[in-house]
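Here is how the chains run, residue by residue.
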Amino acid sequence: MPDKNLICRDCGTSFVFTEGEQEFYAQRGFTNEPSRCPSCRAARKTSREGGYAGGGGGGGYERPRREMHPAVCSQCGKQTEVPFVPSGDKPVYCSECFETKRSGPSRGGDRGGDRGGDRGGRQRRW
Ligand SMILES: [Zn+2]
Ligand SMILES: [Zn+2]
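Remember, predicted model here, so these are calculated numbers, not experimental data.

Enquirer: What am I meant to see in the pairing of strand S2 (residues 14-17) here?
Expert: For a regular strand, side chains alternate in direction, first toward one face of the sheet and then toward the other. Only one face of S2 is buried, namely the one carrying Phe 15 and Phe 17, since none of Ser 14 and Val 16 on the opposite face is buried. The sheet contact formed by strand S1 (residues 4-7) and S2 spans four bridges and is antiparallel. Each residue of the ladder has a partner; that of Leu 6, found in S2, is Phe 15. Counting the residues that bridge the hairpin from S1 to S2 gives six residues, and of these Gly 12 lies at a positive phi of roughly 80°.

Enquirer: Which parts of the structure should I look at to understand the nonpolar core?
Expert: One broad rule of soluble globular proteins: the nonpolar side chains tend to lie buried together. Among the nonpolar cores identified, the biggest contains seven residues, and these are Leu 6, Cys 8, Phe 15, Phe 17, Tyr 25, Cys 37 and Cys 40. When neighbours within four sequence positions are excluded, Phe 17 is seen to be in contact with Asp 3, Lys 4, Leu 6, Gln 22, Tyr 25, Glu 33 and Pro 34.

Enquirer: How do you make sense of the coordination of the zinc ion (ligand 2) when you look at a structure like this?
Expert: For a metal bound by four donors in tetrahedral geometry, the ideal donor-metal-donor angle is 109.5 degrees, whereas six donors in octahedral geometry ideally sit at 90 or 180 degrees. Coordination of the zinc ion (ligand 2) by the protein comes from Cys 73 (SG), Cys 76 (SG), Cys 94 (SG) and Cys 97 (SG), over a distance range of 2.2 to 2.3 Å. In this structure, the zinc ion (ligand 2) is coordinated by four donor atoms arranged in tetrahedral fashion, with angles at the metal of 104 to 116°. Along the chain, the residues that donate to the zinc ion (ligand 2) are spaced as C-x2-C-x17-C-x2-C. Taken together, the residues Cys 76 in the loop between strand S3 (69-72) and strand S4 (79-82) and Cys 97 in helix H3 (residues 95-103) connect sequence positions 21 residues apart. Residue classification places Cys 97 among the buried positions, given a relative accessible area of 8%.

Enquirer: Before we go on, may I ask you to explain the pattern of salt bridges in this structure?
Expert: When charged atoms on two side chains of opposite charge get close, those side chains can pair. One pass over the full model with this rule turns up six salt bridges. A salt bridge links Glu 96 to Lys 78; the nearest nitrogen and oxygen atoms lie 2.8 Å apart. In this pair, Glu 96 sits in helix H3 while Lys 78 sits in the loop between S3 and S4, placing the two residues 18 residues apart along the sequence. Overlapping salt bridges, with partners in common, bring together Asp 10, Arg 36 and Arg 44 in one network.

Enquirer: Got a minute to help me understand the coordination of the zinc ion (ligand 1) in this structure?
Expert: Surrounding the zinc ion (ligand 1) are the protein donor atoms Cys 8 (SG), Cys 11 (SG), Cys 37 (SG) and Cys 40 (SG), at 2.2 to 2.3 Å. For the zinc ion (ligand 1), the four donor atoms are set out with angles of 104 to 115° between them, so the coordination reads as tetrahedral. Donor residues for the zinc ion (ligand 1) sit on one chain with the sequence pattern C-x2-C-x25-C-x2-C. Note on Cys 11: relative accessible area 38%, which makes it partly exposed.

Enquirer: Before we go on, may I ask you to explain the packing of aromatic side chains in this structure?
Expert: The way to describe two aromatic rings as a pair is by their centre distance and the angle between their planes. By the definition in use, this model includes three aromatic pairs. For the ring pair Phe 24 and Tyr 25, a centre distance of 6.3 Å and an interplane angle of 65° mean the geometry is edge-to-face. Seen in terms of ring centroids, Tyr 25 and Phe 30 are 5.3 Å apart; in terms of plane orientation they differ by 70°. Their pairing is edge-to-face. In this structure an aromatic cluster arises from ring pairing among Phe 17, Phe 24, Tyr 25 and Phe 30.

Thresholds, definitions, all that
- Residues numbered from 1 in each chain as written.
- Chains lettered and ligands numbered in written order.
- Predicted model: local features only at pLDDT ≥ 70, side-chain atom pairs only at ≥ 80, totals over all residues.
- Heavy atoms only, no water.
- Buried < 20%, exposed > 50% of the residue type's maximum accessible area, 1.4 Å probe, protein only.
- Helix = DSSP H or I, 4+ residues; strand = E, 2+ residues; numbered from the N terminus.
- Pairing = 2+ DSSP bridges.
- Core = buried A, V, L, I, M, F, W, Y, C linked by side-chain atoms within 4.5 Å.
- Contact = heavy atoms within 4.5 Å.
- Donors = N, O, S within 2.8 Å, 3.2 Å for Na, K, Ca; no water.
- Tetrahedral: all angles 85-135°; square planar, octahedral: opposite > 155°, others 65-115°.
- Salt bridge = Lys/Arg side-chain N within 4 Å of Asp/Glu carboxyl O.
- Phe/Tyr/Trp six-rings, centres within 6.5 Å; stacked < 30°, edge-to-face > 60°.

Spelled out as structure tokens, the structure:
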């Protein structure tokens, strides 16, 4: 398992998910990659008082607050904000373009009209 470069969802810094950490995660049965860099993880840990590390279940119910990042829409060129750090290798869309893309071209496909069962040979014979 080679080291992986990941992006922290809190501060947007890239950090290394090392081979050793991957192994550690795998041993604990975690299938997810860490989504925060070590310093943000440490910050979160210390901000939680009581210090009980590794309580039995994997009950992480925290809701990450969305931090908006300025970006330029790849479609219309408008300034917009997106809830993730624009990395540059993926297009970013403003909410309008995002909507049009989502609901636009794939509309009005007339499929799934076949609801009848009169093909297929299962017939009652009486
Ligand atoms: Zn971070
Ligand atoms: Zn746009």
